[in-house]
Amino acid sequence: MRLLIAEDDHDISRALSVLFQKNNYSVDCVSNGTDAYIYASDGHYDGIILDIMMPGMDGIEVLKSLRSDGVSAPVLLLTAKSDVSDRVSGLDAGADDYLPKPFAVSELLARVRAMLRRREQYQSDSMRFCGLSLDISSFELSYKSHKLHLPSREYQVMELLMQTPGMVIPTETLMERVWGWDANVEISVIWVYISNLRKKIELLNAPVNIRAVRGVGYCLESKNS
């Protein structure tokens, strides 16, 4: 899953980026409200974490503008403000949750997981296709009684494939969603991760395959199709 973090305190921003990447999220970070609005408008994020007090546009302005534009990605507001009136303003502007600073890291992660599960496509703690299961809490890929833990990037690639089985995901989309806009990596790196996932699917003896569509992208499909 891909998150946007908008936080003007660079130390907090770096800490949050490391935290979420260690928990298998792809992360983009911005430090002002104007960039937050631009990135969130065009980035197709699964979730957005907004600080309220930011230069340029504040978090509430960003949120109102995004909702007015039809951006439906769930939003968690982070702020030092804890008054009831501030929480009400944020929720009325379209926020899905609100967490005042300082906060416990475990609570932040739990709130983000809950926020993402509330989205229509994340009703369950696992994704399933042809008996193959991907657990979004333990990051395990399993088939029947066999399980394998996936490293961060492999998990994120597999997650995207499991979201839309049978549909081809363009290579450029995988690059953007997993590595981010500013990633300094060659697009050929996708092949390496696809190859690793294929080997693990074979080890599990699962009846699925990751098919390459030359010049387009990759598709998760049943071996019986």
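Attention in this report is confined to the structure presented alongside it. Only a predicted model underlies this, so the values are computations on that prediction, with no experimental measurement involved. (Residues numbered from 1 in each chain as written. Predicted model: local features only at pLDDT ≥ 70, side-chain atom pairs only at ≥ 80, totals over all residues. Heavy atoms only, no water.)

Attention now moves to empty space enclosed by the protein. Under the criterion given, the structure shown has 1 cavity of 30 Å³ or more. As a volume, the largest cavity reaches approximately 40 Å³. Around the largest cavity, the lining residues are Met1, Arg2, Asp46, Gln156, Glu159, Leu160, Gln163, Arg177 and Val178. Elements supplying a minimum of two residues to the lining of the largest cavity: α6 (152–163) and α7 (171–179). (1 Å grid on protein atoms, 1.4 Å probe; cavity = no way out; pocket = protein on both sides within 12 Å on 5 of 7 lines; lining within 4 Å. Points joined across faces, edges and corners; volume = space filled by probe spheres on them. Helix = DSSP H or I, 4+ residues; strand = E, 2+ residues; numbered from the N terminus.)

With that settled, the discussion passes to the sheet that holds strand β3 (residues 47–51). On the basis of which strands lie adjacent, the open sheet formed by 5 strands has the order β2-β1-β3-β4-β5 and parallel pairing. If you trace the sheet from one side to the other, it starts and ends with β2 (26–30) and β5 (97–100), each paired once. Across this sheet, the average inter-strand angle for adjacent strands is 20°, counted without regard to direction. Relative to β3, helix α3 (residues 59–68) is tilted by about 150°, and along the sheet it contacts β3 and β4 (75–79). (Pairing = 2+ DSSP bridges. Axes fitted to C-alpha atoms, helices over the stretch in contact; angles between N-to-C directions. Contact = heavy atoms within 4.5 Å.)

What follows covers the nonpolar core. With 31 residues, the main nonpolar core has Leu132 and Met158 as its most contacted residues. When contributions to this core are tallied by element, the ones reaching two or more residues are β6 (126–129), β7 (132–135), β8 (140–143), α6, α7, α8 (189–204), β11 (208–213) and β12 (217–222). (Core = buried A, V, L, I, M, F, W, Y, C linked by side-chain atoms within 4.5 Å. Buried < 20%, exposed > 50% of the residue type's maximum accessible area, 1.4 Å probe, protein only.)

Below, the discussion takes up α3. Buried within α3 are the following residues: Gly59, Ile60, Val62, Leu63 and Leu66. The arc enclosing the buried residues of α3, seen along the axis, measures out at 160°, which places them on a common side. Turned more than 90 degrees away from the buried face of α3, the exposed residues are Lys64 and Ser68. Contacts from the buried residues of α3 go to α2 (33–42), β3, β4 and α4 (84–92). At the N-terminal boundary of α3, the capping side chain belongs to Asp58, with an oxygen 3.0 Å from the backbone nitrogen of Ile60. Of the residues flanking the end of α3, it is Gly70, one or two places downstream, whose phi is positive at about 90°. (Arc of directions from axis to C-beta. Polar contact = N/O pair within 3.5 Å; in protein donor to acceptor, adjacent residues only side chain to side chain.)

Right, let's talk about the pattern of salt bridges for a bit. Applying the stated rule across the entire model yields 11 salt bridges. With its nearest N and O atoms 2.6 Å apart, the salt bridge here joins Asp28 to Arg2. Highlighted residues: Asp28 in strand β2 and Arg2 in strand β1 (residues 2–6), separated in sequence by 26 residues. Judged by relative accessible area, which is 7%, Asp28 ranks as buried. One salt bridge connects Asp11 with Arg14, and the closest N-O pair in it is separated by 2.4 Å. Within this pair, Asp11 and its partner Arg14 are both found in helix α1 (residues 10–22), separated by 3 residues, close to a single helical turn. A relative accessible area of 51% means that Asp11 is categorised as exposed. (Salt bridge = Lys/Arg side-chain N within 4 Å of Asp/Glu carboxyl O.)

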